[in-house]
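If you want the building blocks of each chain, they are given just below.
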Number of protein chains: 2
Amino acid sequence: YGGGYQAQYGAPQLAANDPMWGYFTAIAGQDGEVDAEELQRCLTQSGFTGSYQPFSLDTCRIMIAMLDRDHTGKMGFNEFKDLFVALNGWKQNFMMVDQDRSGNIDPNEMSRAINAMGYHISPQTLTVIIKRYSKNGRIFFDDYVASCVKLRALSDHFRRRDTMQQGTVAFQYDDFIQCTMAV
Amino acid sequence: YGGGYQAQYGAPQLAANDPMWGYFTAIAGQDGEVDAEELQRCLTQSGFTGSYQPFSLDTCRIMIAMLDRDHTGKMGFNEFKDLFVALNGWKQNFMMVDQDRSGNIDPNEMSRAINAMGYHISPQTLTVIIKRYSKNGRIFFDDYVASCVKLRALSDHFRRRDTMQQGTVAFQYDDFIQCTMAV
Ligand SMILES: [Ca+2]
Ligand SMILES: [Ca+2]
Ligand SMILES: [Ca+2]
C-alpha cells in the first residue's frame, strides 16, 4: 500500500506506464539519464521555446544543477518530469507578461513576473536580479528561465536550512559556497 | 597630500595619467563605463583569450556583476583595472595547469587550480563546482573564469558579513538572495 509514498526501487516499473516515459528514454539515450546537451536538444526540438530563442547550454546546465541531488550532472525520469512542470509554469508566467510576444520583457514586467511567483523580495534585490539578467534593458525568455531556476534552487536551499522558519539561516562558509556555486 | 586615500572626485584627473586610461575610454564609449558587450569585445580583440575560445556574454555579465557595487550594470575605470588584475591571475593559474594548451582541463587539474587560489573548500564542494562548470568532463577556459569570478564574489560577500571571522554567517532570506542572484 503506497499511500503517497513511493519507494525508489519501485519507480522504473511505475514509470513504464507513464505517457512521458517513452519520450524520456528516447532523449536520455544509453545511459538512461538526461544531460545538458540532451536537454537543450529536447527543448529545442519539442518546440518548447516556440518562437522564442532556444535555451543556451548554460541555462540547461543550471536547470540540471537545480534538480541534481546526487551530483551526477544528469537528470533521471522523476527529475525530468519535475523540470517540465516548473518550465511550463514559468513559460505561462512569461507569456502572460510578454503580451506582444516579442520574446523579451522590460524591467517592470520582470518585477511583475517575479512577484507573481510569490517570492517575497525587496525592491533592491529585484533590481539586482533584473540588472544581472537583462541585455540592453530587456529580459529574454532564456535569461528569465535561468533566473527562475536559480531563484527556486536558492530559495529551496534556504528553506531546507530554515527549519524553524525564522527567515534567517546560519551558513558555514563551505556550505554557503556549495549551494550557491551549484546554480 | 593623499597618503593612500583617494577621493572619488579626484579619480578622473589621476586616471588621465594612467597608461590604461586611454584604452579604457576607447572601450567605454560615450557613457564612460564598460558594459558586458563592450567587455566581451575588448577581451576578444585585445587577444586576452588568445587561442582559447572567446568569453561568452554571460561570463562577461558575471564579471561585471562581481564588481558592480553601485548596480549600474557597468564598470568604471577602477573596477575595470581590478578586473584585469584578477583576470591575469586566473589566466596564469589556468595556463599553469593546462600544460598542453588544449584550452580545457580535467577535474583533477581544476581541483588543483582552485586549491592554488587558496580557498578552503571541502572535496564535496569541489565536486559540485566541477560538475557545474564542466562539459563532457572537461572545464574550458571561459567556464573556469566564470567559476573563479563567482567564487571570488561569493567569498567576498561572505567575508564582508563574517565580521568576527567565525566562519559562519547568519543570512536573512532577502540578503541571501540578493548576493547570490547577482552572480
Ligand atoms: Ca544521456
Ligand atoms: Ca542526477
Ligand atoms: Ca559604455
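Each remark here, short or long, concerns the structure printed above.
Read on for a plain summary of the structure.

So, how was this worked out
- Residues numbered from 1 in each chain as written.
- Chains lettered and ligands numbered in written order.
- Predicted model: local features only at pLDDT ≥ 70, side-chain atom pairs only at ≥ 80, totals over all residues.
- Heavy atoms only, no water.
- Helix = DSSP H or I, 4+ residues; strand = E, 2+ residues; numbered from the N terminus.
- Rg over C-alpha atoms; globule rule 2.2 N^0.38 Å.
- Contact = heavy atoms within 4.5 Å.
- Areas by Shrake-Rupley, 256 points an atom, 1.4 Å probe, with all protein chains shown as cover.
- Donors = N, O, S within 2.8 Å, 3.2 Å for Na, K, Ca; no water.
- Tetrahedral: all angles 85-135°; square planar, octahedral: opposite > 155°, others 65-115°.
- Buried < 20%, exposed > 50% of the residue type's maximum accessible area, 1.4 Å probe, protein only.
- Core = buried A, V, L, I, M, F, W, Y, C linked by side-chain atoms within 4.5 Å.
- Buried area = accessible area lost by both parts, 1.4 Å probe.
- Salt bridge = Lys/Arg side-chain N within 4 Å of Asp/Glu carboxyl O.
- Polar contact = N/O pair within 3.5 Å; in protein donor to acceptor, adjacent residues only side chain to side chain.
- Least-squares fit on C-alpha atoms with pLDDT ≥ 70 in both.
- Lys, Arg positive; Asp, Glu negative; His and termini not counted.
- Axes fitted to C-alpha atoms, helices over the stretch in contact; angles between N-to-C directions.
- Parallel < 35°, antiparallel > 145°, perpendicular 65-115°, else oblique.
- Left-handed = near helix turned anticlockwise from the far one by under 90°.
- Expected span 1.5 Å × (residues − 1).
- Phe/Tyr/Trp six-rings, centres within 6.5 Å; stacked < 30°, edge-to-face > 60°.
- Lys NZ or Arg CZ within 6 Å of the ring centre and 35° of its normal.

Some details on the overall build of chain A
Of the regular secondary structure elements, chain A holds nine helices and three strands. Listing every helix and strand of chain A by position from the N terminus yields α-α-α-α-α-β-α-α-β-α-β-α. Its C-alpha atoms give chain A a radius of gyration of 18 Å, near enough to 16 Å, the size a compact globule of 183 residues would have. Structurally, chain A occupies a C-alpha span of about 45 × 45 × 30 Å along its principal axes. The long-range share in chain A, meaning contacts at least 24 apart out of those at least 6 apart in sequence, stands at 60%. Taken as a whole, chain A presents about 9,200 Å² of accessible surface, with 50% of it coming from carbon and sulfur.

So, the coordination of the calcium ion (ligand 3)
The expected angle between donors at a tetrahedral four-coordinate metal is 109.5 degrees. At an octahedral six-coordinate metal it is 90 or 180 degrees. Residue and element names in this part refer to chain B. Note on the calcium ion (ligand 3): its protein donors are Ala-28 (O), Asp-31 (OD), Asp-31 (OD), Glu-33 (O), Glu-38 (OE) and Glu-38 (OE). The metal-donor distances range over 2.2 to 2.9 Å. For the calcium ion (ligand 3), the six donor atoms in the first shell make angles of 49 to 163 degrees at the metal, a pattern classed as irregular. Motif for the calcium ion (ligand 3), donor spacing along one chain: A-x2-D-x1-E-x4-E. Asp-31 gets classed as partly exposed once you look at its relative accessible area, which sits at 40%.

Let's talk about the nonpolar core
Counting residues in each nonpolar core, the largest one holds 114 residues, and the members touching the most others are Tyr-144 of chain A together with Tyr-144 of chain B. Not counting chain neighbours up to four residues away, the residues in contact with Tyr-144 of chain A comprise Trp-90, Asn-93, Phe-94, Met-110, Ala-113, Met-117 and Ile-139 of chain A.

Considering the interface of chain A and chain B
Contact with chain A, which involves 46 residues of that partner, is made by 46 residues of chain B. Across the chain A to chain B interface the summed buried area is about 4,200 Å²; carbon plus sulfur atoms make up 58%. Taken as a group, Arg-132, Tyr-173 and Met-181 of chain A account for 19% of the area that chain A buries against chain B, more than any other trio of residues on that side. Run the count over chain A and chain B and you get four salt bridges. Close ionic contact of Arg-61 of chain A with Asp-143 of chain B constitutes a salt bridge, the shortest N to O distance being 3.5 Å. Applying the counting criterion to the chain A and chain B interface returns 18 residue pairs in polar contact (both at pLDDT 80 or more). Breaking the side of chain A that touches chain B down by element, the ones donating at least two residues are α4 (57–67), α7 (123–133), α8 (141–161), β3 (168–172) and α9 (173–181) of chain A. A total of eight residues in the side of chain A that touches chain B trace back to one element, the largest contributor, which is α9 of chain A.

Some points on the relation of the copies chain A and chain B
Here two copies of a chain appear, and what relates them is a rotation about an axis with a shift along it. When chain A is fitted to chain B, the best match, at an RMSD of 0.0 Å, comes from turning it 180 degrees and sliding it 0.0 Å along the axis. Taken together, the rotation angle and the small translation identify this as a two-fold axis. Across chain A, the smallest distance between a C-alpha and the rotation axis is recorded for Ala-170 of chain A, namely 2.0 Å. Comparing interface residues between copies, 100% of those in chain A also sit at the interface in chain B, which points to an isologous, same-surface contact.

Quick notes on the side chain of Asp-98 of chain A
Residues and elements named next belong to chain A. Looking at the secondary structure, you find Asp-98 in the loop between α5 (77–97) and β1 (104–105). An unpaired buried charge is present at Asp-98: no salt bridge exists, and Arg-101, the closest side chain of opposite charge, is 5.5 Å distant. Within the local environment of Asp-98, its side chain forms a polar contact with the backbone nitrogen of Ser-102, the two atoms lying 3.2 Å apart. In this structure, Asp-98 is in contact with Tyr-52, Gly-103, Asn-104 and Ile-105, ignoring residues within four places of it in sequence.

Details of the environment of Phe-48 of chain B
Residue position: Phe-48 of chain B is located in the loop between α3 (36–45) and α4 (57–67). Beyond its immediate chain neighbours, meaning those up to four positions away, Phe-48 of chain B contacts Leu-43, Phe-55, Leu-87, Asn-88, Lys-91 and Phe-141 of chain B.

Comments concerning the packing of α9 of chain A against helix α8 (residues 141–161) of chain B
Orientation of α9 of chain A relative to α8 of chain B, taken along the N-to-C sense of each, is 140 degrees, at an axis distance of 11 Å. Comparing their axes, α8 of chain B and α9 of chain A come out oblique. Between α9 of chain A and α8 of chain B the crossing geometry is right-handed. Contact with α9 of chain A, carried on its side by Tyr-173, Phe-176, Ile-177, Thr-180 and Met-181 of chain A, involves Ser-147, Lys-150, Leu-151, Leu-154, Ser-155 and Phe-158 of chain B of α8 of chain B and no other residues of that element.

A word on the environment of Asp-31 of chain A
All names here are of chain A. Of note, Asp-31 is situated in the loop between α2 (21–28) and α3 (36–45). Sequence separation between Asp-31 and Ile-121 is 90 residues; the distance between their C-alpha atoms is 40 Å. With sequence-adjacent residues up to four places away left out, Asp-31 is seen in contact with Glu-38 and Lys-74. A distance of 2.6 Å separates the side chain of Asp-31 from the side chain of Lys-74, its partner in a polar contact.

Some words on α8 of chain A
Helix length check: α8 of chain A (21 residues) gives 30 Å between terminal C-alpha atoms against 30 Å at 1.5 Å per residue, within 8%. For α8 of chain A, the buried fraction is high: 17 of the 21 residues fall into the buried class.

Remarks on the packing of aromatic side chains
In the structure shown here, the tally under the stated rule is 40 aromatic pairs over all chains. Judged by centre distance (6.3 Å) and plane angle (25 degrees), the ring pair of Phe-141 of chain B and Tyr-144 of chain B falls under stacked. With a gap of three residues between them, Phe-141 of chain B and Tyr-144 of chain B both fall in helix α8, about one helical turn apart. With relative accessibility at 2%, the residue Phe-141 of chain B sits in the buried group. The exposure class assigned to Tyr-144 of chain B is buried, which follows from its relative accessible area of 0%. A connected cluster of aromatic rings, assembled from ring pairs, spans Phe-158, Phe-171, Tyr-173 and Phe-176 of chain A together with Phe-158, Phe-171, Tyr-173 and Phe-176 of chain B. Across the ring face of Phe-48 of chain A, the terminal group of Lys-91 of chain A is positioned such that the distance to the ring centre comes to 4.7 Å.

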